[in-house]
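# Descriptive structure summary
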Amino acid sequence: MAVRRRRTEERAAVPAAFGVGAPSPRRGCEEDEPACGPGPGAAPAAPSVGSPGFVFPRMTARVPSDALGRRVLCGTEYATVHYVGSVPPTAGTWLGVEWDDPQRGKHDGTYEGTQYFKCRHPRGGSFIRPNKANFGVDFLTAIKDRYGLNDQGVQHGTENTLVFGKKTVEFVGMDSVAEQQSQLNRLVDVSVRECAVSHAGQKEEISRTCPNIRHINLSKNLISSWETVTAIASQIQNLETLNLSENKMKFPSTSTSVSSVISKLRILALNQTQITWTEVLLCAPGWPALEELYLTSNNITVLERPDNVLQTLKLLDLSDNQLLDGNQLHLIAHLPRLEQLILRNTGISSIHFPDAGFGCKTKMFPSLKRLAINDNKISQWSSINELDKLSSLQSLQCHNNPFMDTEKNPETLRQLIIAKISQLEVLNKSEILPAERKGAELDYRKIFGNDWLAAGGNWNPEKNKPSEEFLAAHPRYPSLCLKYGAPEEGELKGRQPLTLKNQLLTLTIKCPEKPEQKPVEKKLPESMTIQRVKGLLYRLLKIPGSELKLSYESSKLEGKEVELDNDLKPLQFYSIENGDCVLVRW
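Residues numbered from 1 in each chain as written. Predicted model: local features only at pLDDT ≥ 70, side-chain atom pairs only at ≥ 80, totals over all residues. Heavy atoms only, no water.

### A look at the packing of helix 9 (residues 434-447) against helix 12 (residues 477-484)
This is how it is decided: Think of each axis as a best-fit line through the C-alpha atoms, taken over the contacting stretch in the case of a helix, with angles from 0 to 180 degrees between the N-to-C directions. A helix here means a DSSP run of H or I that spans at least four residues, while a strand means a run of E at least two residues long, and both kinds are numbered starting from the N terminus. Angular relationships are summarised with four words: roughly parallel below 35 degrees, roughly antiparallel beyond 145, roughly perpendicular across 65 to 115, and oblique for the angles in between. It is the rotation of the near helix from the far one that decides the hand of a crossing: anticlockwise by less than a right angle makes it left-handed, clockwise makes it right-handed. What makes two residues a contact is simply this: any of their non-hydrogen atoms within 4.5 Å. All residues other than Ala, Val, Leu, Ile, Met, Phe, Trp, Tyr, Cys, Pro, Asp, Glu, Lys and Arg, Gly among them, are scored as polar; the first ten of these are nonpolar and the last four charged.
As a packed pair, helix 9 and helix 12 sit with axes 10 Å apart at the nearest point and diverge in direction by 110 degrees. In terms of orientation, helix 9 and helix 12 fall into the roughly perpendicular class. Helix 9 and helix 12 meet at a crossing whose hand is left-handed. Side by side, helix 9 and helix 12 meet where Lys438, Glu441, Leu442, Tyr444 and Arg445 of the first sit next to Tyr477, Leu480, Lys483 and Tyr484 of the second. When the residues that make up the contact of helix 9 with helix 12 are grouped by side-chain class, the tally is five nonpolar, no polar and four charged.

Structure, rendered in structure tokens:
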């Protein structure tokens, strides 16, 4: 495509002055930068932008009048213009830029003792000549280039055909301009990622040319401000999806800065745009129908309560933002329609809903069905207990948290989480079938039965008064006793320790009535109940929700099958040994 070919040619032509070829021969200067060290008696350096005595220089034809603050592309490197003017003792106009990649720079905007601009990184800045900077193209030009619909992409063929890029299109009674317009008019889904889009273009030109666009990918372009976004989006009446990720832009600082409403926008991605949560709320009145908002990698640390905005939001992704603490979530907990919250790698170490006690449901996140808290610092099981307070939670992702290191056996870990969260249907992207839930809850009730008794639990309802400490650690235990009955004394005598240091049995799993199902070898703890074995087999063999019938064969019982008929009994109850074969039927 035209834009990508041109970018490849630019890359090949990038001089060493831009850090792609040989290193610059002068420390702290680009090859294109002014020579270091004006001698004694040289004219003083020009004052920096905004300082007393600064006069904005006359722009050359290559420098836009609004260049200050604009995003530019230099070869393959992105930067922001922080200074436009002279750098004595050299003649001509220079651009002081801060590179997105600080390793690309030479200094912090200070040159020969004069600070021309400031950088976040001590070596993130450089001076370049204007002819090295690409200030970008307008939105419509990028579309034409991207889809081969510009003057270069439309070539005349025979008198009844047109060639669009490599595609030949027949036409009757149309000239090339009319056919081009027809192609643009039919565009619905547009991607101009990395096409150097920097501005909207002529007023109303987009609405006249591409009135049917609904979905736009504008990621990684040269958009410098939210005003540019609204200038484009306001011309597209039916815009539903907008991806603005990887554009470092300025957002409104006050609510009055929002000049237009994108009335039908449902999905918005602002990943890696440096937006703050405060700026999100200032822009949000312009998104009255928004359902999905993606804000990953923006250094968002604090949240604020959204008052009268984002009320239609169903999905919010805050991944890779280091939130101050888990209590920040309370500030967004009353979004009435929020169904999915993605909090991967946000640094949270705990989750707590203080408005609800043991066994009660919180009023926070009333519609939340799917929660992702992978890759965080949650170390206590109490946070998992808290998730049972969410009235609508159905799906949880929680990989890579310290609390998961407390149990080495992944099966036991999964069973504990299932038992602790009553309404969970999917855990770490794996469905929880009814048989697995029943097995997990029965095992949980049995494993912690002695702790329950020691804490004041009793089979006699009148004497059953477990301590606050026990209820805090096991808030679902009373409801499990109501559901299945209190654990019997005989069950608790044979209880195995939670560490599961029991002997592992190597068993072969076969499906005698399904010859296409290959035998599988698994290592299982001999203390594992038949109910839990069934739960494992549902997932392992991808068996639909039907009743499993298990039996086993042993070399010591040649020609005989022993039925595994009691879901509450462990494997060791049936004297199963290493090398035996479990037969599965359904």
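Read on, since the account is not over.
### Things to note about the pairing of strand 23 (residues 504-510)
Both faces of the sheet carry side chains from a regular strand, because those side chains alternate between them. To keep it simple, the criterion reads: For every residue, the accessible area (1.4 Å probe, protein chains only) is compared with the maximum for its type, and the residue is labelled buried under 20%, exposed over 50%, or partly exposed between those bounds. Should DSSP find at least two bridges between two strands, the strands are regarded as paired.
Here strand 23 shows one buried face, formed by Leu505, Leu507 and Ile509, and one open face, formed by Leu504, Thr506, Thr508 and Lys510. In this sheet, strand 24 (residues 520-525) lies alongside strand 23 in antiparallel orientation, the contact comprising six bridges. For Thr508, the partnering residue across the bridge sits in strand 24 and is Glu521.

### Quick word on the environment of Asn409
We count it as follows: Side-chain atoms alone can form a polar contact between residues adjacent in sequence; in general such a contact is a pair of N or O atoms within 3.5 Å, and within protein one must be able to donate a hydrogen while the other accepts it.
Topologically, Asn409 is positioned in the loop between strand 20 (395-397) and helix 8 (410-420). Sequence separation between Asn409 and Pro525 is 116 residues, and the spatial gap between their C-alpha atoms is 9.6 Å. Among the polar contacts listed, one links the side chain of Asn409 to the backbone nitrogen of Thr412, at a separation of 3.0 Å.

### Observations regarding the sheet that holds strand 27 (residues 581-585)
Pairing within the open sheet is mixed, and its five strands lie in the order 24-23-27-25-26. Either end of the sheet is taken by a strand with one partner, and the two such strands are strand 24 and strand 26 (562-563). Its contacts with the sheet put helix 14 (residues 530-540) on strand 23, strand 24, strand 25 (549-553) and strand 27, and the angle it makes with strand 24 is roughly 145 degrees.

### Section: the packing of helix 8 against helix 14
Following both chains from N to C, one finds helix 8 and helix 14 inclined at 100 degrees, their axes separated by 12 Å at the closest point. The orientation of helix 8 with respect to helix 14, classified from their angle, is roughly perpendicular. Residues Glu411, Thr412, Arg414 and Gln415 of helix 8 lie in contact with helix 14, whose contacting residues are Arg532, Leu536 and Arg539. Split into classes, the residues belonging to the contact of helix 8 with helix 14 amount to one nonpolar, two polar and four charged.

### Some remarks on the side chain of Ser551
Looking at where Ser551 falls in the secondary structure, it is placed in strand 25. Residue Ser551 is classed as buried on the basis of its relative accessible area of 5%. Separated by 2.8 Å, the side chains of Ser551 and Glu561 make a polar contact. Other than its neighbours up to four places away in sequence, Ser551 contacts Glu561, Val562, Glu563, Leu564, Cys581, Val582, Leu583 and Arg585.

### Considerations on the pattern of salt bridges
Pairs can form between side chains of opposite charge once their charged atoms are near each other. Selection criterion: Counted as salt bridges are all cases of a side-chain nitrogen of Lys or Arg within 4 Å of a carboxyl oxygen of Asp or Glu.
Counted according to the given criterion, the structure contains 22 salt bridges. Ionic pairing is found between Glu436 and Arg539, a salt bridge with its closest N-O pair at 2.3 Å. Highlighted residues: Glu436 in helix 9 and Arg539 in helix 14, separated in sequence by 103 residues. When its relative accessible area of 2% is taken as the criterion, Glu436 is described as buried.

### Some thoughts on the nonpolar core
One broad trend across soluble globular proteins is that nonpolar side chains are buried collectively. To keep things clear, this is the line we draw: In this text, buried Ala, Val, Leu, Ile, Met, Phe, Trp, Tyr and Cys residues form a nonpolar core when linked through side-chain atoms within 4.5 Å.
Ranked by internal contacts, the top residues of the largest apolar core, which has 95 residues, are Phe139, Trp277, Trp287, Leu293, Leu310 and Phe365. Of all elements in the fold, only helix 2 (139-146), helix 5 (226-233), helix 6 (277-283), helix 7 (381-387), helix 8, helix 9, helix 11 (468-473) and helix 12 reach the threshold of two or more residues within this core. Examining the composition of this core, we find that five residues originate from one element, helix 8, more than from any other. Discounting residues that sit within four places of it in the chain, Phe139 has contacts with Val192, Val197, His199, Ala200, Ile206, Ile213, Ile216, Leu218, Ile232 and Ile236. Membership of the second largest hydrophobic core comes to 24 residues, among which are Ala435, Met528, Tyr538 and Leu571.

### A few points about the environment of Asn247
Structurally, the position occupied by Asn247 is in the loop between strand 14 (241-243) and strand 15 (267-269). Given the relative accessible area of 0%, Asn247 is considered buried. Between the C-alpha atom of Asn247 and that of Ser224, which follows or precedes it by 23 residues, the distance is 7.3 Å. For Asn247, the residues in contact, after removing those within four places along its chain, are Leu218, Ser219, Lys220, Asn221, Leu222, Ile223, Gln272 and Thr273. Within the local environment of Asn247, its side chain forms a polar contact with the backbone nitrogen of Asn221, the two atoms lying 2.9 Å apart. Among the polar contacts listed, one links the side chain of Asn247 to the backbone oxygen of Leu244, at a separation of 3.0 Å.

### Some thoughts on the packing of aromatic side chains
For the record, the criterion: To pair, rings of Phe, Tyr and Trp, with the six-membered ring standing in for Trp, must have centres within 6.5 Å; the planes then decide the type, stacked if under 30 degrees apart, edge-to-face if over 60, and tilted in the middle. Here, over-ring charges are defined by two tests on the NZ atom of lysine or the CZ atom of arginine: distance to the ring centre within 6 Å, and angle to the ring normal within 35 degrees.
Evaluation of the coordinates by the stated rule reveals 13 aromatic pairs. Ring centres 6.0 Å apart and planes at 70 degrees place the aromatic pair Trp226 and Trp287 in the edge-to-face group. Here the residue Trp226 occupies a position in helix 5, and Trp287 occupies one in the loop between helix 6 and strand 16 (292-294), the gap between them amounting to 61 residues. For Trp287, a relative accessible area of 2% corresponds to the buried category. Among the aromatic residues, ring-to-ring pairing joins Tyr83, Tyr111, Tyr116, Phe117 and Phe127 into one connected group. For the cation-ring pair, Arg104 lies above Trp99, with the distance from its terminal atom to the ring centre recorded as 4.2 Å. Arg129 extends its terminal NZ or CZ atom over the ring of Trp94, reaching a point 3.7 Å from the ring centre.

### Regarding the confidence of the model for the protein
The condition that has to hold: pLDDT is a per-residue confidence score from the predictor, ranging from 0 to 100.
Summary statistics for the protein give a mean pLDDT of 84 and a share of 82% for residues scoring 70 or more. Here residues 153-174 is modelled with pLDDT under 50, and outside its nearest four sequence neighbours on either side it reaches 40 contacts, counting other chains as well.

### What to know about the sheet that holds strand 3 (residues 94-99)
Strand order in the open sheet formed by four strands is 1-2-3-6, with antiparallel pairing between adjacent strands. The open sheet has two free edges, formed respectively by strand 1 (71-74) and strand 6 (125-128), since each of these has just one partner strand. Here the average twist between neighbouring strands, direction ignored, is 45 degrees. In this structure, strand 1 lies alongside strand 2 (residues 77-85), joined through four bridges in antiparallel fashion.

### Some remarks on unusual backbone geometry
Residues Pro88 and Pro89 are joined by a peptide bond in cis, for which omega reads 10 degrees. Checked against the element boundaries, Pro89 lands in the loop between strand 2 and strand 3. A positive phi angle is found at Glu112, which is not glycine, with a value near 55 degrees. Within the secondary structure, Glu112 sits in the loop between strand 4 (110-111) and strand 5 (114-115). Residue classification places Glu112 among the partly exposed residues on the basis of a relative accessible area of 43%. You will see that Ala196, though not glycine, has its phi angle at about 60 degrees, which is positive. Its place among the elements puts Ala196 in the loop between strand 11 (189-191) and strand 12 (197-199).

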